[in-house]
Each structure stands twice: as C-alpha cells, then as structure tokens.
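Chain by chain, the residues:
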Amino acid sequence: MTDDRPAECPGPDPGRPLNVLGWPGFSSENGNPYTRLLYEGMEAEANVEVDGFARFEPLRQRYDVWHVHWPEDFLSYPSPTAAYFYVMAELLLFAWARLCGTKLVWTVHDLGPHESYHPRLERLFWSLFLPMVDGIISLSETARDEACERFPVLRSVPSAVVPHGHYRTAYPAPVPKAEARRRFNLDPEVPVALFVGRIRPYKNVVPLIQTFRQWESPEARLVVAGNPVSDDLAERIRGAAERDLRVCTDLRFIEEETMPALIATADLVVLPYETIMHSGSALLALSFDRPVLVPDRGAMTELQERVGPGWMRTYTGELTPSVLAEGMRWARTTDRAGRAPVEDLDWSRLARQTVALYRRALTAHD
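Notes on the structure in this doc start here.

Cut-offs used in this document
Residues numbered from 1 in each chain as written. Predicted model: local features only at pLDDT ≥ 70, side-chain atom pairs only at ≥ 80, totals over all residues. Heavy atoms only, no water. Buried < 20%, exposed > 50% of the residue type's maximum accessible area, 1.4 Å probe, protein only. Helix = DSSP H or I, 4+ residues; strand = E, 2+ residues; numbered from the N terminus. Polar contact = N/O pair within 3.5 Å; in protein donor to acceptor, adjacent residues only side chain to side chain. Pairing = 2+ DSSP bridges. Right-handed = clockwise from strand over helix to strand, strands pointing away. 1 Å grid on protein atoms, 1.4 Å probe; cavity = no way out; pocket = protein on both sides within 12 Å on 5 of 7 lines; lining within 4 Å. Points joined across faces, edges and corners; volume = space filled by probe spheres on them. Axes fitted to C-alpha atoms, helices over the stretch in contact; angles between N-to-C directions. Contact = heavy atoms within 4.5 Å. Core = buried A, V, L, I, M, F, W, Y, C linked by side-chain atoms within 4.5 Å. Parallel < 35°, antiparallel > 145°, perpendicular 65-115°, else oblique. Nonpolar A, V, L, I, M, F, W, Y, C, P; charged D, E, K, R; others polar.

1. Considering helix α10 (residues 280-287)
For α10, the buried fraction is high: seven of the eight residues fall into the buried class. The residue sitting at the N-terminus of α10 and contributing the capping side-chain oxygen is Ser279; that oxygen lies 3.3 Å from the backbone nitrogen of Ser281. Where α10 terminates, the next one or two residues include Asp289, which has phi positive at roughly 60 degrees.

The following block contains the structure:
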C-alpha cells in the first residue's frame, strides 16, 4: 500500500502508543464528565495516549485517531456569523487532519443540533462532514440504525455500539435521603420530583412546571436544578414557577459536590424532553439509584430494557398531570433493589470497546 500523505505532515512514531485527539477533551463547557471518564478509562486499560483538543493541536502534530463528539453543536449558535465561522473552521481542521493520515471517529450522540437556526449551513455541514468520517460509535442500537438510515454513507464505515457509561465514579459518595432533604429544606415525607441537568428549550422545563402546577397534590414538590442556556429561558422558567410554593428552582451550574445530595432528595427524576435519543441525566439519576420518568422516544426503551422496568418508566405523547401522578406513585411504591443495575456500564469495559473500534477504523482501508 502506498502512503499518500503530504510530505509536510509528520508521520507516526513506530512503537509508540495509539495517539488519540479527543474533542471535547477531558473537560467540557457544560461540565459533563462523560469524555473525561472515557479517556481516562482508555489510558488505564489500553496502550493509548489521549490529548484534549486545543485550537491548533491538529496542525502541530499528527494523531492516529481524532475522536469527535457533538461536531454539530456550532449549528446551534444563533449568530449566523459565529455559526458559519466555527463550522468552516472545524471542517477545515478535519480535512487537514485526514490529509495527514488521521482517522476521524464520530460518536453519534444525536442526529442533528438541538436548536437548528441555519438550515442551509446544516445541509452544507453534513454534506462535507459525513464523507470524512472513518468510523462511528453509537450509544445504542437504535441510534446506529437511525444514523445509517438518515446518513446512508455511514453504512460503509466501521461502527460499534458502545453504551453511555455510569457516573458512580465521577461524583462524591451518595448522601442519605433524610440528610439530603434536611440540606434542601424539604419535608422528609413529601413526594419530590426532580429535573436536573443543562436546561435547553427542547428539554421542556417550562411545560414540566406548567404540568406540575396542574397536578392537584398540595404536598408534592418539584425541584428544577440546572443552568439555562439563555437569560430568556431562565426568565420564562421563573415566570412559570412564580406563585406556586411547591416549585423550587436553582438555575445555575450544579457543582459536583452538590449533585449527590440534590439527586438524593428526589423520589422521581423527570426528563420530559421533546426530542431525545440518549440522556446523560437519566444515567446520572440511575447512577445515584433514582427511578426515572422519560418519554418513549429515541433509545429510552433500550435503556429501560437494560436496567429494568422498576428503574425506568416511559410514557407516550405529552406529559400530563395524570402521567406525572402515576409516575410518582410508581416511583414511591415499586419494590426495587437498593441499587440500579448499571455495573455493566463500567468505563473500563467501554474504553476497551472504543479502542477496538479505533483499530478497526485504522485498518479498514489498508
């Protein structure tokens, strides 16, 4: 096989570990430890070295694999100028890296941006990005099937299903429920529903509050905790919650130290997303052994089959007061084990599966 890389691109050093560029790297803007846990698992389990993405890193050195997550996020920038600039910049970097022999691996978290403001740019992005992809990782069989149906070009590249890992090793130890309720000034006996995570329009937090307010249960409480993506969304959430003392809001980034106690307050974690494929918030709740109510969309049924119907409950259509009430009754009365069965979502196992896909992508066209 001939080496068609440009002469100016540095080649790999024989005998060194597999060199991976991760984007995002070991930290992300939204504080999600997903990528950090994956990369740390890879470095511990395999002969792999991972560098977190920096602006000019692909120009300074050659990598075996560039592993990208959420490359479509720039399409969610409301500013056309910013969106076009960043989309073009990332596409140029991808193209340069591949010219230098780097394989591009994409984890398909979603099939498009959560908020798409620029349809023409989005079409251009997919037309240029997808032919550069050398391998895909899906978090579920559902996502892989839907990705290949929407983007048939992906059927010709190596793929693997590597589920989302648990968060049990990412946060401080769990907090007893009674202690957590004391910290947050919640009565130890009242039913508490919790929404937790980054707050974006598609996650339906305002409709959740409106639905909860229609639930005629004086003792019930709803806690909404997370950082809204805009001041306007934050104001709409506050407006929906005002004058109902049963609704508590904490609209900010939730620190790792606070998360265990916050989740421990809940009888039920409610995630009423308008569109959903996977959910880190669902895995976070299950990691702290809290039952979850989600719409029957995307890969949620697949996750329910993995952990069992005692830990996840799905509903069809819109969230209604009766669905919420039934979900709370289910959460508080179902007999379930003390811990959610997420042990097989261990990061060391998922890291080995990820590296195996890298190696398939590296040799696919040799």
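2. Considerations on the pairing of strand β11 (residues 292-295)
Side chains Val292 and Val294 project from β11 onto one buried face, and the interleaved Leu293 and Pro295 project onto a second face that is buried too. In this sheet, β11 lies alongside strand β10 (residues 268-270) in parallel orientation, the contact comprising two bridges. For Val269, the partnering residue across the bridge sits in β11 and is Val292. Running through α10, the crossover from β10 to the neighbouring parallel element β11 is right-handed. By the bridge criterion, four bridges tie β11 to strand β12 (residues 312-315) in an arrangement that is parallel. Along β12, the bridge assignment pairs Leu293 with Arg313.

3. With respect to empty space enclosed by the protein
Applying the stated criterion across every chain, the model contains one cavity of 30 Å³ or more. Taken as a whole, the largest cavity holds about 40 Å³ of empty space. Lining the largest cavity are Leu21, Pro58, Gln61, Arg62, Tyr63, Trp66, Ala97, Cys100 and Thr102.

4. Examining the sheet that holds strand β3 (residues 65-69)
Here we have six strands laid out as an open sheet, ordered β2-β1-β3-β4-β5-β6, and parallel in their pairing. Among the strands making up the open sheet, the edge pair consists of β2 (48-52) and β6 (159-161). Pairwise comparison of adjacent strand axes, ignoring direction, gives a mean angle of 20 degrees for this sheet. Pairing between strand β1 (residues 18-23) and β2: five bridges, direction parallel. Along β2, the bridge assignment pairs Val20 with Val50. Docked against the sheet, helix α5 (residues 141-150) engages β4 (103-108), β5 (135-138) and β6, running at close to 150 degrees with respect to β6.

5. Description of the nonpolar core
In this structure, Met42, Ile209 and Leu286 are the most contacted members of the largest nonpolar core, which totals 87 residues. Per-element accounting of this core gives the leading share, seven residues, to helix α13 (residues 347-363). In contact with Ile209, not counting residues within four places along its chain, are Leu222, Val224, Ile237, Ala240, Ala241 and Val247. In this structure, Trp23, Leu75, Phe94 and Val133 belong to the second largest nonpolar core, which totals 33 residues.

6. Some words on unusual backbone geometry
With an omega dihedral of -5 degrees, the bond running from Trp23 to Pro24 counts as a cis peptide bond. Topologically, Pro24 is positioned in the loop between β1 and α1 (34-45). Its identity is not glycine, yet Trp70 carries a phi of approximately 55 degrees, on the positive side. A relative accessible area of 22% means that Trp70 is categorised as partly exposed.

7. Points about the packing of helix α7 (residues 205-214) against helix α8 (residues 231-241)
For any two helices packed against each other, the geometry comes down to the angle between their axes and how far apart the axes lie. Their axes nearest at 9 Å, the elements α7 and α8 cross at an angle of 0 degrees. The angle between α7 and α8 places the two elements in the roughly parallel class. Counting all contacts with α7, which are made through Val205, Val206, Ile209 and Arg213, the residues of α8 involved are Arg236, Ile237, Ala240 and Ala241. Class assignment of the residues belonging to the contact of α7 with α8 gives a composition of six nonpolar, no polar and two charged.

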